[in-house]
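Secondary and tertiary structure notes
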Amino acid sequence: MRLEDFDFYLPENLIAQVPLEKRDSSRLLVINKKEDKHEHKNFSNIIDYLNRGDTLVLNNTRVMPARLIGSKVDTKATIELLLLKNIEGNIWECLVKPAKRVKLGSVISFSDIMQAKCTKIMDDGFRHFEFIYDGIFNEKLDILGTMPLPPYIKEKLDDKERYQTVFSKELGSSAAPTAGLHFTKELLEDIANKGVNIVYLTLHVGLGTFRPVVVEDITNHSMHSEYYEVSKETADIINKTKNSGGRVITVGTTSTRTLESIARDNNGNIVEISGWTDIFIYPGFEFKCVDALITNFHLPKSSLIMLVSAFYSREKIIDIYNIAVNNQYRFFSFGDSMFIY
């Protein structure tokens, strides 16, 4: 399967730079797989497509202010670190710019509040750092760090909470689970009142989810691992939903990857578990848990558009993306979304 099969033309002006004033006022492209039809709606209309007894699965991760700007202690060169995942204790895997300036043992200073010492060199700008500070790490990060917005967003974000979902809780992501950004507390309450189960899992989104696929044969692509947790309550409700004929509807590719990782290893069942997943979903994948998907519009040639193509079909998703472009849908993190069922 070729990388170029997942390319499409996207005018730059359709890349959303700022979030809409009201979260659920975004547009929603609804796709009925069985009838091979689509409809143009607003996101607030999503409730019309959810049924009593369905289960909506949301990722409650919270984005860290994970972008740090410091200077090398010896040369005073400016260095940027993006925290990706906690390895153990005070050791973090980071993406470094410019990576060539950071060698094993290099020390980066962040004001007089914290330092980071490079303890391991990896390929493609990845490094391990041991952070040295007094007090509580997250408090230091709040002081020093900034929100790690994707590089295609050039505008300044005035309200940092707009890059968090309204249900964000578990701190640990380097990027937002963007399909969840469309929900308001009021909409979630209305959905629950309709008899739809709402459950939460945690997957801390790392850079690997958004890094472009560069190998020509996509089956040779390797995903970076990401940490996830699923509670017994969430697992039990999902299994009960499946057994009673209801639908499991995931909000975003992160929730999808988490459930399919667990179902793959447990004969289609969801269990209480925590761990790391590097599952790569592309056309030909057999979904064992997820029945319907709410997702944003993704980057060309990305692992995310490959996942969505696996859920519908590559040809039809490319057609849908072209329809979205022709109808001036907004793309990527602050953009519009689609519902595939």
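Numbering of residues starts from 1 in every chain and runs along the sequence as written. Local features in a predicted model are, by the rule used here, given only for residues with pLDDT of at least 70; side-chain atom pairs are given and counted only at 80 or more, and totals for whole chains, interfaces and linings are based on all residues. Hydrogens and waters are ignored; side-chain quantities use all the structure's heavy atoms.

For the chain, the name recorded in an unreviewed UniProt entry is S-adenosylmethionine:tRNA ribosyltransferase-isomerase, with Gemelliphila palaticanis as its organism. Recorded under Subunit (unreviewed entry), the UniProt text for the chain is reproduced unchanged: "Monomer." UniProt positions are given in the numbering used here, feature names are shortened, and annotations may be inferred rather than shown by experiment.

This part takes up helix α6 (residues 314-326). The helix and strand labels rest on DSSP assignments: H or I over at least four residues marks a helix, E over at least two residues marks a strand, and numbering proceeds from the N terminus. Here the expected span of a helix is defined as 1.5 Å times the quantity of residues minus one. A rise of 1.5 Å per residue sets the reference length of α6, with its 13 residues, at 18 Å; its end C-alpha atoms lie 18 Å apart and thus fit the reference within 8%. Listed as buried for α6 are Ile317, Ile318, Ile320, Tyr321, Ala324 and Val325. Buried residues in α6, looked at end-on, bunch into an arc of 160°, giving them a common side. Buried residues along α6 sit against β1 (27-32), β2 (37-42), β16 (292-296), α5 (303-311) and β17 (337-340). Gln328 occupies a position one or two residues after α6 and carries a positive phi of about 60°. For every residue, the accessible area obtained with a 1.4 Å probe (protein chains only) is divided by the maximum for its type, and the residue is called buried under 20%, exposed over 50%, and partly exposed between those limits. It is the directions from the helix axis to the C-beta atoms that the arc portrays. Every residue pair with non-hydrogen atoms within 4.5 Å of one another is taken to be in contact.

On to the pattern of salt bridges. Every case where a carboxyl oxygen of Asp or Glu lies within 4 Å of a side-chain nitrogen of Lys or Arg is listed as a salt bridge. Counted by the stated rule, this structure contains 14 salt bridges. Of the charged contacts, one joins Arg247 and Asp54 as a salt bridge, the two residues approaching to 2.7 Å between their closest N and O atoms. With Arg247 in the loop between α3 (232-243) and β14 (248-251) and Asp54 in the loop between β2 and β3 (55-59), the pair connects residues that are 193 residues apart, well separated along the chain. Judged by its relative accessible area of 3%, Asp54 is buried. Here Glu80 ties to Arg67 by a salt bridge, and the two come within 3.2 Å at their closest N and O atoms. On the criterion of sequence distance, the pair formed by Glu80 in strand β6 (residues 78-88) and Arg67 in strand β5 (residues 67-72) is long-range, its members being 13 residues apart. We classify Arg67 as partly exposed; its relative accessible area is 32%. Here the residues in one salt-bridge network are Arg2, Glu4 and Asp5, joined through shared partners.

Attention now goes to empty space enclosed by the protein. Method remark: on a 1 Å grid restricted to protein atoms, a set of points is classed as a cavity if a 1.4 Å probe fits but cannot get out and as a pocket if it is open with protein on both sides within 12 Å along at least five of seven lines; lining residues have an atom within 4 Å of a point. Grid points are joined across faces, edges and corners, and a volume is the space filled by probe spheres set on the points. Considering all chains together, one arrives at 3 cavities of 30 Å³ or more under this definition. In terms of lining residues, the second largest cavity is bounded by 14 residues, among which Pro19, Arg162, Leu181, His182 and Phe334 are the most central. Under the convention adopted here, Pro, Cys and the residues Ala, Val, Leu, Ile, Met, Phe, Trp and Tyr are nonpolar, Asp, Glu, Lys and Arg are charged, and Gly plus all remaining residues are polar. When its residues are assigned to classes, the lining of the second largest cavity shows 4 nonpolar, 6 polar and 4 charged.

Moving on, we get to the layout of surface pockets. The volume enclosed by the largest pocket comes to roughly 750 Å³. In terms of lining, the largest pocket is formed by 30 residues, of which the most central are Leu82, Pro148, Leu149, Pro150 and Pro151. Split by residue class, the lining of the largest pocket holds 18 nonpolar, 4 polar and 8 charged.

This part takes up the environment of Pro300. Mapped onto the fold, Pro300 is located in the loop between β16 and α5. In this structure Pro300 comes out as partly exposed when scored by relative accessible area, which is 25%. On a C-alpha basis, the gap between Pro300 and Ile318 in space is 9.8 Å, while along the polypeptide they are 18 residues apart. Beyond its immediate sequence surroundings of up to four residues, Pro300 is in contact with Phe6, Asp7, Phe8 and Phe332.

This part covers the side chain of Glu260. Residue placement: Glu260 occurs in helix α4 (residues 253-265). Counting rule for charge: Lys and Arg are taken as positive, Asp and Glu as negative, and neither His nor the chain ends is counted. For the buried Glu260, which has no salt bridge, the nearest side chain bearing the opposite charge is Lys242, at an N-O separation of 7.0 Å. Looking at Glu260, its side chain comes within polar contact range of the main-chain nitrogen of Lys288, at 2.9 Å. In this structure Glu260 touches Ile279, Ile281, Phe285, Glu286, Phe287, Lys288, Cys289 and Val290, once residues within four positions along its chain are discounted. Polar contact is defined as a pair of N or O atoms within 3.5 Å, subject to the rule that within protein one atom must be able to donate a hydrogen and the other to accept it, and that residues adjacent in sequence are counted only when both atoms are side-chain atoms.

Before going further, it helps to spend a moment on the sheet that holds strand β13 (residues 226-230). Note on sheets: strands pair through backbone hydrogen bonds, and any given pair is parallel or antiparallel. Taken in spatial order, the 9 strands line up as β2-β1-β17-β16-β14-β3-β12-β13-β15 in an open sheet, and their pairing is mixed. At either end of the open sheet lies a strand with only one pairing partner, and these are β2 and β15 (273-277). Shown here is a sheet whose adjacent strand axes are inclined to one another by a mean of 20°, direction ignored. Summarising the sheet, β3 and β14 pair through 3 bridges and their orientation is parallel. What sits directly across from Val57, in β14, is Thr250. The axes are straight lines fitted to the C-alpha atoms, using for helices just the contacting stretch, and the angles between their N-to-C directions are given from 0 to 180°. Here α4 sits on the sheet and contacts β3, β12 (197-203), β13, β14, β15 and β16; the angle it forms with β12, its principal contact strand, is near 85°. At least two bridges found by DSSP between two strands is the condition for calling them paired.

In spatial order, the strands read β5-β6-β7-β10-β9-β8; together these 6 strands close into a barrel with antiparallel pairing. Adjacent strand axes in the sheet meet at a mean angle of 45° when their direction is disregarded. Here 4 bridges tie strand β8 (residues 107-110) to strand β9 (residues 114-121), and the two strands are oriented antiparallel to one another. Bridge pairing in β9 places Val107 opposite Lys117.

Geometrically, the link from Lys97 to Pro98 is a cis peptide bond, its omega value of -15° lying close to zero. Secondary-structure assignment places Pro98 in the loop between β7 (91-97) and β8. Phi at Asp36 is positive, roughly 55°, even though this residue is not glycine. Its location among the elements puts Asp36 in the loop between β1 and β2. If you check the backbone angles, Lys76 has positive phi at about 70° while not being a glycine. With respect to the helices and strands, Lys76 occurs in the loop between β5 and β6. Under the relative-accessibility criterion, Lys76 is labelled exposed at 59%.

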